[in-house]
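# Summary of the model geometry
Take a look at the letters that make up each chain.
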Amino acid sequence: MKYGHFDDENREYVITNPKTPYPWINYLGNEDFFSLTSNTAGGYTFYKDAKFRRLTRYRYNNVPIDDGGKYFYIKDEDTTWCPGWKPVKTELDSYECRHGMSYTKFKSSKNGVQAEVLQFIPLGFWGEIQKVSIKNTSSKVKKLKLFSFIEWCLWNAEDDMTNFQRNFNTGEVEIEDAVIYHKTEFKERRNHYAFYSVNSQINGFDTDRESFLGLYNGFDAPDVVAEGQSKNTEAHGWSPVASHYIEVELQPGEEKDYIFMLGYVEVEDDNKWESKSVINKKPAKDMIAKFDTVDKVTTAFNELSAYWDNLLGKINIQSGEEKLDRMVNIWNQYQCMVTFNMSRSASFFESGIGRGMGFRDSNQDLIGFVHQIPERARERIVDIASTQFEDGSCYHQYQPLTKKGNAILGGNFNDDPLWLILSTTEYIKETGDFSLLDALVPFDNDTTRAKPHFDHLKASFYHVVNNLGPHNLPLIGRADWNDCLNLNCFSKDPNESFQTTGNKKDGKAESLMIAGLFVVYGKEYVKLCHQIGKTTEATEAQIHIDNMIEAVKKDGWDGDWYLRAYDYYGNKVGTHESEEGKIFIESQGWCTMAEIGKEDGMVEKSLNAVKKHLDSDYGIVLNSPAFSKYYIEYGEISTYPKGYKENGGVFCHNNPWIMIGETMIGRGDEAYDYYSKIAPSFLEDISELHKVEPYVYCQMIAGKEAFKPGEAKNSWLSGTASWNFYAITQYILGVKPDYNGLSINPCIPKKWNGFKMERAFRGATYNIEVKNPNHVSKGIKQILVNGNVINTPIVPILEEGKTHFVTVVMG
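Residues numbered from 1 in each chain as written. Predicted model: local features only at pLDDT ≥ 70, side-chain atom pairs only at ≥ 80, totals over all residues. Heavy atoms only, no water.

## Considering the overall build of the protein
Helix and strand content of the protein: 19 helices and 44 strands. The C-alpha atoms of the protein give a radius of gyration of 28 Å, which matches the 28 Å a tight globule of 811 residues would have. In terms of principal-axis extent, the alpha carbons of the protein reach across some 80 × 60 × 55 Å. Contacts in the protein between residues at least 24 apart in sequence constitute 68% of all its contacts with a sequence separation of at least 6. Accessible surface, the protein as shown: approximately 28800 Å² in total, 46% of it carbon and sulfur. (Helix = DSSP H or I, 4+ residues; strand = E, 2+ residues; numbered from the N terminus. Rg over C-alpha atoms; globule rule 2.2 N^0.38 Å. Contact = heavy atoms within 4.5 Å. Areas by Shrake-Rupley, 256 points an atom, 1.4 Å probe, with all protein chains shown as cover.)

## Observations regarding the nonpolar core
By size, the foremost hydrophobic cluster in this structure holds 243 residues, and its most contacted members are Y73, F195, W419, W590, Y675 and W723. If one sorts the elements of this core by residue count, helix α12 (residues 512-531) sits on top with 13 residues. Once you skip the residues sitting within four places of it in the chain, F195 turns out to touch W152, V179, I180, Y181, M261, L262, G263, Y264, V265, A284, M287 and I288. (Core = buried A, V, L, I, M, F, W, Y, C linked by side-chain atoms within 4.5 Å. Buried < 20%, exposed > 50% of the residue type's maximum accessible area, 1.4 Å probe, protein only.)

## Side note on the packing of helix α17 (residues 668-678) against helix α19 (residues 720-732)
Following both chains from N to C, one finds α17 and α19 inclined at 155°, their axes separated by 11 Å at the closest point. When the axis of α17 is compared with that of α19, the two are roughly antiparallel. Regarding α17 and α19, the two cross each other, and that crossing is left-handed. Together, A671, Y672, Y675 and I678 of α17 and N724, I728 and I732 of α19 make up the contact between the two elements. Partitioned by chemical class, the residues of the contact of α17 with α19 number six nonpolar, one polar and no charged. (Axes fitted to C-alpha atoms, helices over the stretch in contact; angles between N-to-C directions. Parallel < 35°, antiparallel > 145°, perpendicular 65-115°, else oblique. Left-handed = near helix turned anticlockwise from the far one by under 90°. Nonpolar A, V, L, I, M, F, W, Y, C, P; charged D, E, K, R; others polar.)

## A word on the packing of aromatic side chains
Here a ring pair, both rings aromatic, is described through the centre-centre distance and the interplanar angle of the planes. In total, this model carries 71 aromatic pairs according to the counting rule given. The interplanar angle of 45° and the centroid separation of 6.4 Å between the aromatic rings of F584 and F627 together place this pair among those described as tilted. One end of the pair, F584, is in strand β30 (residues 583-584); the other, F627, is in the loop between β33 (623-624) and β34 (650-651), and 43 residues separate them in sequence. Among the aromatic residues, those joined into a cluster by ring pairs are Y3, F6, Y13, W24, Y27, Y307, W308, W331, Y334, Y695 and W716. Positioned above the aromatic ring of Y44 is the side chain of R54, whose terminal nitrogen or guanidinium carbon lies 4.1 Å from the ring centre. (Phe/Tyr/Trp six-rings, centres within 6.5 Å; stacked < 30°, edge-to-face > 60°. Lys NZ or Arg CZ within 6 Å of the ring centre and 35° of its normal.)

## Structural notes on the pattern of salt bridges
Applying the stated criterion to the full structure yields 62 salt bridges. One salt bridge connects E684 with K2, and the closest N-O pair in it is separated by 3.8 Å. Of this pair, E684 sits in the loop between α17 and α18 (687-690) while K2 sits in the segment before β1 (4-7), and the two are 682 residues apart along the sequence. The exposure class of K2 is partly exposed, given its relative accessible area of 45%. The shortest N-O distance in the salt bridge between K86 and D67 comes to 2.8 Å. In this pair, K86 is assigned in the loop between β8 (79-81) and β9 (94-100) and D67 in the loop between β6 (54-56) and β7 (71-76), connecting sequence segments 19 residues apart. (Salt bridge = Lys/Arg side-chain N within 4 Å of Asp/Glu carboxyl O.)

## Focus: the pairing of strand β17 (residues 204-208)
Burial analysis of β17 places five of its five residues in the buried class, the great majority of the element. Two strands pair when backbone bridges link them, and β17 and strand β18 (residues 240-250) are joined in this way by four bridges, in the antiparallel orientation. Bridged to D206 within β18 is S243. (Pairing = 2+ DSSP bridges.)

The structure is reproduced here in structure tokens:
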């Protein structure tokens, strides 16, 4: 069943039933300051880092789910309700939540009162705007009481939920006029504070949670709201909150607007105080003044809309397939931008506490947004490369606030370095900016050890060459892309981390996934070397690539598919000889993308095996048969129940690798079938099963051996977003940036008559029309540029500032 609908014209998903199968969320913010908000007003806000600069508290894995957020209580005589339905959960006369591009709108009504809440973060601003509009739609005067509510976090979100003996004694606030300031720890080690304001006189306030709620009450029944009167409390320790109380009188048909702001301020250390113990409020007041009227808010909101018009105008398609168009033109690109900002840190499945920005994750995320904001893509590449070491290895993660490597998880995930070649070459192909290769980039964030960025790519390439195992295949290290295939862990202790524990110190486990990855991006490395005149380096690198191809053919082929790995003892992983885990998706994806053994039929056989053994109604499962017992030599992968996560689940991130593999042999129908099985807009009608948002990709869908096949988890922050966008636009639709132009080589379903794409590239607009009169999947008969036939599949770089017309005839 559906719980809402797509509004493509306004680029919104409209939720009309608040009782979604799981909280359906949205992200506000585009650069430094962010909020998560659910369809029932749950969520939280942070500056840059959800662990170290979280403004508002949120309790994960809570009962009931998604309690805590940014709430507005409306008390109308004896009835109390909220525009977002929760937390009071009063039955509403109408309810609507519109999740749009970096904003969310609630519009609800009860007993002749209509309330609208618009939440967004203006561009370049460290504050969230909440415009509350209340209208009397009845024929009598309405006297209402409006209460706002947020709960402050004590900055470090991990410490906030653990160190109670300290935190119950540190909470401090200030109140001035209609602004509540949170200044915990400000007097000692912090130069930042938060505030919550409203552009109206208030009739009261509260900053002490126990006083506002009542010690034994939940958010659904606060004492203050029930009593209809604030207590004007000032928090000292315990749990500080912020609540405004406003009495609202409305004549029939009258509407009033209130602008609330949740903001973050940093001040210089020598400019922290107005007077003794009184914080410097001028920066906060300046922020409030920027958006203290409806007109100012409307202008800022229009600027945000124009920002997204520009971002989403870079690639636009008309395919005749409504669900495909809305994914490519709106939601997939939007999710790619959110994932660029968040990596895997903060969602309703990631607490924002345990993980920073991933080295492999952020490099892969880049391929989904580089066409939108190339200047920030370049900055991200430098940030990532700066956490690398001279031998090519790297920290697995880094913290967004400091941009320094996160030593908690260390490194030695041996696929990590290669992804830097992916992000760098995709950036240069999109922009033509070869100067990145000459930029001095530190190793381990040490500027005294800086070298040209090209040296980082070379180190990445040779990290594999210098870490080969007994079969001349890449050593896996702690793990490769599949963090849960831990071939050197051998853990019997439930308190050990599978990813960071290496109980077999001399591990010789090898990865076929890294072997395919090395061939794919080794070829890209060689191609780049030729582009910049490093022919000797290209020749030497090609020798290592050729050696890897031969090693895969010799010791990486199982007869009908590619092996997954060799374990610590040198035994095959992912072989028909095994009882369980006979075939894995990762090596099939990367070795077919690398076209290893294509001339011998290996690629086609591998993809046929995927179809036979791994395909399901809900996508391609990661391995089959799923493991039914714990294999200590395999690690975490065999700890999951059958059909979930890495143990036979549909891990959506890697499905596009198979889609791309299918395009390598021209099977467009198969590639598009795989695409449509996991694309969220295609799953809207089964939302009660799928559970998570029907407008963004999730990480995992329960596989065919699971208890509930088709049920999804971990939406939003996943490499699934970038890889699916990459697969559909560059391999299925086949419009792919290259160093010297746009390569056009579609691989589409035979039934298609063609499609159109408008593509911004190197300062020009390419209007591309692909015609498929003979209903083939692949093959180019003719390309015309501005009416002239060209004799190459690469459309050259055309004059900037103009629109150029490209006609492609398949056949």
